[in-house]
Amino acid sequence: MNSYVPILVLGALSLGFAVVSIGAGALTGPKRYNRAKLDAYECGIEPTPQPVGGGRFPVKYYLTAMLFIIFDIEIVFLYPWAVHFDALGIFGLVEMVLFIVTLLAAYAYVWRRGGLEWD
Amino acid sequence: MSALSVSATFAAAEFQTPSIEYSKLMPMLIVFGVALVGVLIEAFMGRTGRHQVQLILSIAGLVAAFVSVTMLAGDNQIAAVGAVAVDGPALFLQGTILLLAIPGVLTMAERSLDRGGVFTSAGSSTPGSEHERVLTATGVTQTEVFPLTMFAVGGMLLFPAANDLLTMFVALEVLSLPLYLLCGLARRRRLLSQEASLKYFLLGAFSSAFFLYGIALLYGYSGTVRLSGIAEAVSSNSGSDTLLMTGTALLAVGLLFKVGAAPFHSWTPDVYQGAPTPITGFMAACTKVAAFGALLRVLYVGLGGLAWQWEPVMWGVAILTMVVGSVVALTQTDVKRMLAYSSIAHAGFILTGLVATDTVDPDTGAVLGVSSVLFYLLAYGFITIGAFAVVTLVRDAGGEATHLSQWAGLARRSPLVAAVFTLFLAAFAGIPLTSGFTGKFAVFSAAIAGDAAPLVVIGVVMSAVAAFFYFRVVVLMFFNAPAPDGPAVAVPSPLTTVAITLSVAVTVLLGVWPTQVLDLADRASQFVR
Amino acid sequence: MNPMNYVYLSALLFSIGAAGVLLRRNAIVVFMCVELMLNATNLAFVAFARMQGNLDGQVIAFFVMVVAAAEVVIGLAIIVTIFRTRRSASVDSANLLKY
């Protein structure tokens, strides 16, 4: 039974985090509602029903999507490392730092070149 | 490298921290490091001077990597928890790729032939748009080509050294992905260039999917992707033959696509014609070197026990490749397309040496199939880089004049350039006293030693056919009257001059005095297993 | 369930993908078919990992996912550029280079 305690604690923590962050947002944030904010969220696309003619969306969306994919997928290398963090020790840490630094260089490039700006 | 180590760790049954011999991987680490610094320069440096800094950095990185390859020479071991082999063939090919990349990068950096350089001012601007016109007027250029090239070179260094199939797949993609982009970045004829990029990408991705499925089946057969493990499984005949045969076939498809062997060659002419010419030269030389290195390692180290199975297939592929390359080249009217078919034919000649398998020269102890291919790749690479560099010089108002009819009477306009191109064509044709002859002699004698005499006969006949279309160009340049509105021969900056001079020097040197390099290839012909 | 069935399924998916590459005309769809082939390969790797009793296949699947993502990005970039030029993503309209 003891081995399940961390899971319960984690569950409580995440519940607490959700409640606190949503609550804090609702209490402290400015409340300026407009149509875009009340729409359903679909990663930046106009939500359904789409306009007649196939519902084109801007090329900018592709750029954001591509950047998202490439930075998002790297998590698969972090995951095994996180699972065996202790056994991999300093070696794993050094390798992961190298890996993240490599990604950071790409991120810096994207940021400096305005890849993260929507307009 | 970090990612590889993670996989290796998980592969081990007993969990132990792996270690990586960074010093043994130095050539690749230098090249990748330079590429990363290049990305940061693109991010943080202003436009002015970026081109020079990138050029100097890239060349310095390539030279440093070459020096570290020479310092590793003689090593014969497996590094990075079995992922990378540091042995004779790997180091010889890495040295070759680095040496070829130097003139390759020099021709890419040429800016005096075309205002702003070979590459478009912005790959993202739509051809013919106002945006493009404004950018072109500023004379800027896409300097990202340098880091992209360095990433491609890094992948090429890893490809022939990969000792397991997963590393080989990752290397294949690391070398291919930048090349797909580089193909689409031409300043002139951007529609052609983008189309070349799309075709190369779709077919390249298609072939690498086959390569990958081949890896999956071989993994299913042997339970490992390590080449030595697969060799063990083959010799003990422990798994399903269906998996082994299908896996081998699919793996070969992926590799033969990259070397441009028939029947997987159809992308070559389109991509070679549409890509910016310096990229074509770089790609034609370096990709072929890297891919043949990987093909050799897979067939000799991993599937050597299966030689009696794949040898007849390779015979067929070699014959088909030589015939298609030489015969179709006869009908070409575009210089770049003709050189593309010529590169297909040369892939066939190299395959001829490869089928000699592990026949050992009794005098030198060299593995003939490996040493002859190593030498041929070095010779062929420099001829190719040089020939494509010459193509960039013949220009009219619309950019490079690549139609053969425009080359008529070129010798009257510039005897020197015509003579240099003639030298390269003679070397392609395998005329004595050029490196092409020594290379062909090496692969053909290896094939004879490996009991493949019929293949050599076809090879010699096809060399004669190929010689015919090479000399048609020579005749065209020297004995035809130039067209009145024909192209002029532009005077390049020292960058292209150095690249062409280097290629001429190597081509002549390896033809007149090849002993040293042949000895080196002989000594480098042992794979670590 | 016999893990070999998953290998058969992966071969089937791979063939569907390969057929799609050869038959479809829209570059995006062709490209999605290539991705289907890669994912079929992933299935084969995982099934073989189960049959062989080691984890290599599962780790390889991670690598393939990352490579596939990188390929998606490069491919989309090329296709979007071409589409903006030609207003069409049909591979048949990419016909300037021949002979």
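Undergrad: Outline the overall build of chain C, supporting the account with residue identities and numerical values.
TA: For chain C, the helix and strand inventory stands at three helices and zero strands. Start at the N end of chain C and walk to the C end: the helices and strands fall as α-α-α. Its C-alpha atoms put chain C at 50 × 25 × 25 Å along the principal axes. When the 99 residues of chain C are sorted by exposure, 42% land in the buried category.

Undergrad: Break down the overall build of chain B for me, citing the residues and quoting the values.
TA: Regarding its fold elements, chain B presents 21 helices and five strands. Against the compact-globule benchmark of 24 Å for 529 residues, chain B has a radius of gyration of 22 Å, which places it among compact chains. Reported as C-alpha extents along the three principal axes, the dimensions of chain B are approximately 70 × 55 × 40 Å. Here chain B holds 529 residues, and 63% of them are scored as buried. At a minimum sequence separation of 6, the contacts of chain B that also span at least 24 residues come to 79%.

Undergrad: Pulling in residues and values, what's your account of the interface of chain B and chain C?
TA: Chain B puts 38 residues into the contact, and the matching count from chain C is 37 residues. Counting residues per element, the ones that place at least two in the side of chain B that touches chain C are helix H1 (2–11), helix H7 (165–183), helix H8 (190–222) and helix H11 (267–274) of chain B. At 18 residues, H8 of chain B tops the list of elements feeding residues into the side of chain B that touches chain C. The class makeup of the residues in the side of chain B that touches chain C is 22 nonpolar, 12 polar and four charged.

Undergrad: How would you summarise unusual backbone geometry if you had to cite specific residues and measurements?
TA: All names here are of chain B. In this structure, the amide linkage connecting alanine 262 to the following residue, proline 263, adopts the cis form with an omega of 0 degrees. When you line up the elements, proline 263 lands in the loop between helix H10 (241–259) and H11. With phi around 70 degrees, leucine 433 is a residue other than glycine that occupies positive phi space. Inspection of the secondary structure puts leucine 433 in the loop between helix H17 (415–429) and helix H18 (435–449). Non-glycine residue aspartate 451 carries a positive phi angle of around 60 degrees. Topologically, aspartate 451 is positioned in the loop between H18 and helix H19 (453–479). Since 13 C-beta atoms lie within 10 Å of it, aspartate 451 is described here as partly exposed.

Cut-offs and rules
Residues numbered from 1 in each chain as written. Chains lettered and ligands numbered in written order. Predicted model: local features only at pLDDT ≥ 70, side-chain atom pairs only at ≥ 80, totals over all residues. Helix = DSSP H or I, 4+ residues; strand = E, 2+ residues; numbered from the N terminus. Buried ≥ 20, exposed ≤ 12 C-beta atoms within 10 Å, placed from the backbone. Rg over C-alpha atoms; globule rule 2.2 N^0.38 Å. Contact = placed C-beta atoms within 7 Å. Nonpolar A, V, L, I, M, F, W, Y, C, P; charged D, E, K, R; others polar.

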